[in-house]
Amino acid sequence: RIKFEEKLSHFTAGSEEENAKLKATAEALREDIKKKERESSHREAELLEDANAFREAFEAAREHSRNLSKANKMLFDHTLGTFTARAASKRSLQEEVMAKKGVE
């Protein structure tokens, strides 16, 4: 009976040590998971901020592009109008010259 109790206490002692090690390992893993979750949440927040900054920059670039397109159209219309007016003026001048030559 004494040998059985010695063996049992030896087995129980080993189990208690293993249980303590397992509990310590489990606690370390829980802490590591919590740390990783905090880091992940922080990284998600950073990525969200980056995405919002990118979206704002993209919208500003799009608005700038629209403004450039409007300015280019206005410049084209002005240039076309000037060219048309000059052509009409030149035609008118040619007609005038021709009319004078025809009169003489």
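Residues numbered from 1 in each chain as written. Predicted model: local features only at pLDDT ≥ 70, side-chain atom pairs only at ≥ 80, totals over all residues. Heavy atoms only, no water.

(A) Focus on the packing of aromatic side chains. One pass over the structure, following the stated rule, counts 1 aromatic pair. With 6.4 Å between their ring centres and 20 degrees between their planes, F54 and F58 make a pair best called stacked. Of this pair, F54 and F58 both sit in helix α1 (residues 2-103), 4 residues apart, roughly one helical turn. Residue F54 is classed as exposed on the basis of its relative accessible area of 60%. The exposure class of F58 is partly exposed, given its relative accessible area of 43%. (Phe/Tyr/Trp six-rings, centres within 6.5 Å; stacked < 30°, edge-to-face > 60°. Helix = DSSP H or I, 4+ residues; strand = E, 2+ residues; numbered from the N terminus. Buried < 20%, exposed > 50% of the residue type's maximum accessible area, 1.4 Å probe, protein only.)

(B) Expanded view of a nonpolar patch on the surface. On the surface, F76, L80 and F83 cluster together into a nonpolar patch covering about 350 Å² of accessible area. Mapped onto the secondary structure, F83 falls in helix α1. (Patch = residues over 30% accessible without salt bridge, like charges linked within 9 Å, V, L, I, M, F, W, Y side chains within 5 Å. Areas by Shrake-Rupley, 256 points an atom, 1.4 Å probe, with all protein chains shown as cover. Salt bridge = Lys/Arg side-chain N within 4 Å of Asp/Glu carboxyl O.)

(C) Structural context of the pattern of salt bridges. Taken as a whole and judged by the stated rule, the model has 6 salt bridges. The shortest N-O distance in the salt bridge between E27 and R30 comes to 2.8 Å. Residue E27 and its partner R30 are both found in helix α1; the two are separated by 3 residues, about one turn of the helix. Given a relative accessible area of 37%, E27 falls into the partly exposed group. We note a salt bridge from E59 to R62, for which the minimum N-O separation is 3.8 Å. With E59 and R62 both in helix α1 and 3 residues apart, the pair spans about one turn of that helix. With a relative accessible area of 39%, E59 lands in the partly exposed category.

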